[in-house]
Amino acid sequence: MDNQSLISVLKKHWWVIFVAIFVLIGMYGIWSVEYLGFQDHPSHLLQIHIALNYANPTYDYNKYFLLNWGLTPNQGSDAIIFLLSHIVSVATAAKLFFCLYIIILPLSVWYFLHRVRPENCAYALFASALTFNQFVLMGNENFLSSIPVFFFFLGYWYRKRN
């Protein structure tokens, strides 16, 4: 790729650089602290810790809690973090989940905009700028993970609607 074609691509897709910058800033915010200071987040991590150590005699969780492995509302993010916790610690798995949210949100908005009006894809920049909002600070992990899914399905529906 020569310099002229690189410059023309950058002029057309300038917003991608800013999305990448916002994603990196968000990830720095996640990884620069030991524990995420979201309001409801500790209770999610405790549920996952109990599920991981349910049979461990050190904690005796099986005396005080009963695990419900059925499908219950607001357990999607906990299931993802639970699965990641088999590879890394619970706190690190939660950080990986939020990093996934920071990356996927602007991608899902871009996918939707690309299907509806390709010339408006630069508006995905606003999605990356709004990844940290009040719902993040309140720890509403399941609601947050539903937003990218909504935009992916909406874009897919728009593509297949005819």
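Remember, predicted model here, so these are calculated numbers, not experimental data.

Cut-offs applied
All chains use their own residue numbering, which begins from 1 and follows the written sequence. Reporting in this predicted model follows two pLDDT cut-offs: at least 70 for local features of residues, and 80 or more for side-chain atom pairs to be given and counted; totals over whole chains, interfaces and linings ignore these cut-offs and use all residues. The side-chain values count all of the structure's non-hydrogen atoms but skip hydrogen atoms and water molecules. Between rings of Phe, Tyr and Trp, where Trp is taken as its six-membered ring, a pair exists when centres lie within 6.5 Å; planes separated by under 30 degrees are stacked, by over 60 edge-to-face, and by other angles tilted. Each nonpolar core is a collection of buried residues, namely Ala, Val, Leu, Ile, Met, Phe, Trp, Tyr and Cys, held together in the definition by side-chain atoms within 4.5 Å. Residue burial is assigned from relative accessible area. The probe radius is 1.4 Å, only protein chains are included, and a residue is buried under 20% of its type maximum, exposed over 50%, and partly exposed in between. Numbering goes from the N terminus for both helices and strands, where a helix is a DSSP run of H or I of at least four residues and a strand is a run of E of at least two. The contact criterion used is simple: two residues touch if any of their non-hydrogen atoms lie within 4.5 Å. Salt bridges are identified by distance alone: a Lys or Arg side-chain nitrogen within 4 Å of an Asp or Glu carboxyl oxygen. For a helix, the expected span equals 1.5 Å multiplied by the number of residues minus one. To obtain the bend at a residue, axes are fitted to the seven residues ending there and to the seven starting there, and the angle between these axes is taken. Every patch collects residues that have over 30% relative accessible area and no salt bridge, joining them within 9 Å if they carry like charges and within 5 Å if they are nonpolar side chains (Val, Leu, Ile, Met, Phe, Trp, Tyr). Note on areas: Shrake-Rupley, 1.4 Å probe, and residue coverage restricted to the protein chains presented here.

Enquirer: How should I be thinking about the packing of aromatic side chains in this particular structure?
Expert: The relative placement of two aromatic rings is captured by the distance of their centres and the angle of their planes. Applying the stated criterion across every chain yields a total of 11 aromatic pairs. Ring geometry for Phe150 versus Phe151: centroids 5.4 Å apart, planes at 70°, classification edge-to-face. By way of ring pairs, the aromatic residues Phe38, Phe97 and Phe98 are connected into one cluster.

Enquirer: Would you explain the nonpolar core in this entry?
Expert: Within soluble globular proteins, side chains that are nonpolar tend to cluster in buried spots. Within the largest apolar cluster, 29 residues are counted, with the highest numbers of intra-cluster contacts made by Ile30, Phe38, Ile81, Phe98, Tyr101 and Val109. Secondary structure elements with two or more residues in this core: helix H2 (14–31), helix H3 (41–52), helix H5 (76–84), helix H6 (90–116) and helix H7 (124–129). The element contributing the most residues to this core is H6, with 12 residues. Not counting residues up to four positions away in its chain, the partners in contact with Tyr101 are Thr131, Asn133, Val136, Leu144 and Pro148.

Enquirer: Before we go on, may I ask you to explain the pattern of salt bridges in this structure?
Expert: Once their charged atoms are close, side chains differing in charge can pair, the charge on each being opposite to the other. Counted according to the given criterion, the structure contains two salt bridges. We note a salt bridge from Asp60 to Lys63, for which the minimum N-O separation is 3.8 Å. What makes Lys63 exposed here is its relative accessible area of 62%. With a closest N to O distance of 3.9 Å, Glu119 and Arg117 form a salt bridge. Exposure remark for Arg117: the relative accessible area of 48% places this residue in the partly exposed category.

Enquirer: Can you help me understand H6 in this one?
Expert: Since the α-helix turns once every 3.6 residues, residues separated by three or four places project in the same direction. Relative to the 39 Å expected for 27 residues at 1.5 Å per residue, H6 spans 39 Å between its end C-alpha atoms, a close match to the ideal helical length. In the structure, H6 departs most strongly from a straight axis at Ile104, where the bend amounts to approximately 25° and where the proline Pro106 lies between one and four residues downstream.

Enquirer: Is there a simple way to think about a nonpolar patch on the surface in this case?
Expert: On the surface, Trp14, Ile17, Phe18, Ile21, Phe22 and Ile25 cluster together to form a nonpolar patch covering roughly 560 Å² of accessible area. Among the structural elements, Phe18 can be located in helix H2.

Enquirer: It is not clear to me how the environment of Arg115 should be interpreted in this structure. Could you clarify?
Expert: One can find Arg115 in helix H6. A relative accessible area of 29% means that Arg115 is categorised as partly exposed. Separated by 34 residues in the primary sequence, Arg115 and Val149 place their C-alpha atoms 15 Å from one another. Setting aside chain neighbours within four positions, we find Arg115 in contact with Gly155, Tyr158 and Arg159.

This is a description of form; function is not addressed.
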